[in-house]
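# Observations on chain architecture
In case you want the letters, here they are:
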Amino acid sequence: MAERAALEELVRLQGEHVRELKLQKASAEQIEEEVSQLLKLKAQLGPDEGKHKFVLKTPKETLTGKYGEDSKLIYDLKDQGGELLSLRYDLTVPFARYLAMNKLTNIKRYHIAKVYRRDNPAMTRGRYREFYQCDFDIAGQFDPMIPDAECLKIMCEILSSLQIGDFLVKVNDRRILDGMFAVCGVPDSKFRTICSSVDKLDKVPWEEVKNEMVGEKGLAPEVADRIGDYVQQHGGVSLVEQLLQDPKLSQNKQALEGLGDLKLLFEYLALFGIADKISFDLSLARGLDYYTGVIYEAVLLQTAAQAGEEPLGVGSVAAGGRYDGLVGMFDPKGRKVPCVGLSVGVERIFSIVEQRLEALEEKVRTTETQVLVASAQKKLLEERLKLVSELWDAGIKAELLYKKNPKLLNQLQYCEEAGIPLVAIIGEQELKDGVVKLRAVASREEVDVRREDLVKEIKRRTSQPPCIC
């Protein structure tokens, strides 16, 4: 008992040390090292400690050690008791915590919610400090690459349906990266920090990345050059097969496992009909520390100015990968639940759509309303209310201005500004004739429709779902 009490005291002191480092804004590497030491001490207490005292919460102690160098972007907070907490950085870590807390081992789900990054906002690039993400995840023990292929299929379906332009999905595997670093001579302690440098290759040229590796992170120049020979390669399944024969990588167990899974993945992607959208890119690293296998990232492409030139990337809009060890980090007994998922940057896509519409001088439609019920004369509020009620009962998305006697011009202008495609106009003559004047806002064409046929005509004209682009 005395030995256990001494160990509990060490855990308490180490916990205080970790909290003090966070208060002092120590480096992410130092905090992660001390948190790792804290977890080792807790592990020595055995299962009883976990059973009775391991309480899952959502403070930064939960988030630390999952995001690599991006940990500096986590928002720190304090509750009334002075405990350090954080706003969620993404939806993946909270999802893994939820699985562990509820002892779930099999689930497929999607989730749309806000996340927070202590970053420099760039509105034109869709980068914010508070923004929405849409996540889809599959958790459970399944045969290799089947759920991974489904996630990539879903990602391609989403981006194709949005019609926001041509896109390419880059894929890689963290095991291939780790194997590549090993055969190139990167020390184990530098794997993650060098991985973060490689992840910048989509934004800066290789020479800048190499300078960071050598100048800032202390990597030997010849090791960086060996890495450069690999990470500047990209292609399809033929590149996978080529690397399987690589004299160095083929001797590394991790790399071989990753390459074998990628070969199988490309077979499934071909069956799903999306292999032409996928590129095996050795520069893709995904800086988040919780990824353990396949990783992927979707980028939009813009057509090059001249034929024959490579298309230029205009930014990442979705990403994801496999994270088989994350749930186990929250489970008192370390029980793992394999997971794979994807995340779509909602604001990033909105930003792209808005830019395209602005370039085309088109207005963004701000409502789903199909028709505005309008009146051509005064004292027809009761008739407008009757008609809008009829349309609502028939499942038509209709609205009216909240004024007793709105001017017709104001009602038409409202439709143009809001992007409402149709106006159902009633006047004294229309009421006498039993018709409604249906006006197409864009063309300004008008036609009299029998009142009993109005619902059918509106549905016919609005049967095609509106495209956001």
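Residues numbered from 1 in each chain as written. Predicted model: local features only at pLDDT ≥ 70, side-chain atom pairs only at ≥ 80, totals over all residues. Heavy atoms only, no water.

In the annotation of an unreviewed UniProt entry, the entry for the protein chain reads Histidine--tRNA ligase, cytoplasmic, and the organism field reads Pipistrellus kuhlii. What UniProt states about the protein chain under its Subcellular location (unreviewed entry) heading is, verbatim, "Cytoplasm". Under the heading Subunit (unreviewed entry), UniProt records this for the protein chain: "Homodimer." (UniProt positions renumbered as here; feature names shortened; annotations may be inferred.)

Attention shifts here to the sheet that holds strand S13 (residues 422–426). Taken together, five strands build an open sheet; the order of strands is S12-S11-S13-S14-S15 and the sheet is mixed. Each of the sheet's edge strands pairs with one partner strand only, and the pair in question is strand S12 (398–399) and strand S15 (446–450). Sheet topology places strand S14 (residues 435–440) next to S15; five bridges connect them, and they run antiparallel. Pairing of Val435 across the sheet is with Arg450, part of S15. Across the sheet, helix H15 (residues 408–418) touches strand S11 (371–375), S12, S13 and S14, and the angle it forms with S11 is around 170°. Strands S11, S13, S14 and S15 of the sheet are contacted by helix H17 (residues 454–461), whose axis makes an angle of about 10° with S14. (Pairing = 2+ DSSP bridges. Helix = DSSP H or I, 4+ residues; strand = E, 2+ residues; numbered from the N terminus. Contact = heavy atoms within 4.5 Å. Axes fitted to C-alpha atoms, helices over the stretch in contact; angles between N-to-C directions.)

Let us look at the pattern of salt bridges. Enumeration over the complete set of coordinates arrives at 25 salt bridges. Put simply, Glu212 and Lys200 hold a salt bridge, and the shortest N to O gap is 2.8 Å. In this pair, Glu212 sits in helix H9 (residues 206–216) while Lys200 sits in the loop between helix H8 (191–198) and H9, placing the two residues 12 residues apart along the sequence. Among the residues examined, Glu212 registers a relative accessible area of 12% and is labelled buried. The shortest N-O distance in the salt bridge between Glu368 and Lys397 comes to 2.9 Å. One end of the pair, Glu368, is in the loop between helix H13 (346–359) and S11; the other, Lys397, is in the loop between helix H14 (381–393) and S12, and 29 residues separate them in sequence. Residue Lys397 is classed as partly exposed on the basis of its relative accessible area of 42%. Among the charged side chains, a salt-bridge network with shared partners connects Asp148, Arg322 and Asp324. (Salt bridge = Lys/Arg side-chain N within 4 Å of Asp/Glu carboxyl O. Buried < 20%, exposed > 50% of the residue type's maximum accessible area, 1.4 Å probe, protein only.)

Even without a glycine there, the phi angle at Gln163 is positive, about 55°. Checked against the element boundaries, Gln163 lands in the loop between helix H6 (146–162) and strand S5 (167–173). Even without being a glycine, Arg444 presents a positive backbone phi close to 65°. Relative to the assigned elements, Arg444 resides in the loop between S14 and S15. Note on Arg444: relative accessible area 53%, which makes it exposed.

How two helices pack is summed up by the angle between their axes together with the distance between the axes. Two numbers describe how H8 lies on H9: the axes approach to 9 Å, and their chain directions differ by 160°. Here H8 lies roughly antiparallel to H9, going by the angle between them. Crossing of H8 against H9: the hand is right-handed. Where H8 approaches H9, its residues Ile194, Ser197 and Val198 are matched on the opposing element by Val209, Glu212 and Met213. Class assignment of the residues belonging to the contact of H8 with H9 gives a composition of four nonpolar, one polar and one charged. (Parallel < 35°, antiparallel > 145°, perpendicular 65-115°, else oblique. Left-handed = near helix turned anticlockwise from the far one by under 90°. Nonpolar A, V, L, I, M, F, W, Y, C, P; charged D, E, K, R; others polar.)

The next point concerns the packing of H6 against helix H12 (residues 253–272). At a minimum axis distance of 9 Å, the contact between H6 and H12 shows a crossing angle of 45°. Taken together, H6 and H12 sit at an angle that is classed as oblique. Where H6 crosses over H12, the two elements pack in a sense that is right-handed. For the pair formed by H6 and H12, the contact residues are Ile146, Asp148, Ala149, Glu150, Leu152 and Lys153 on the first element and Leu265, Tyr268, Leu269 and Phe272 on the second.

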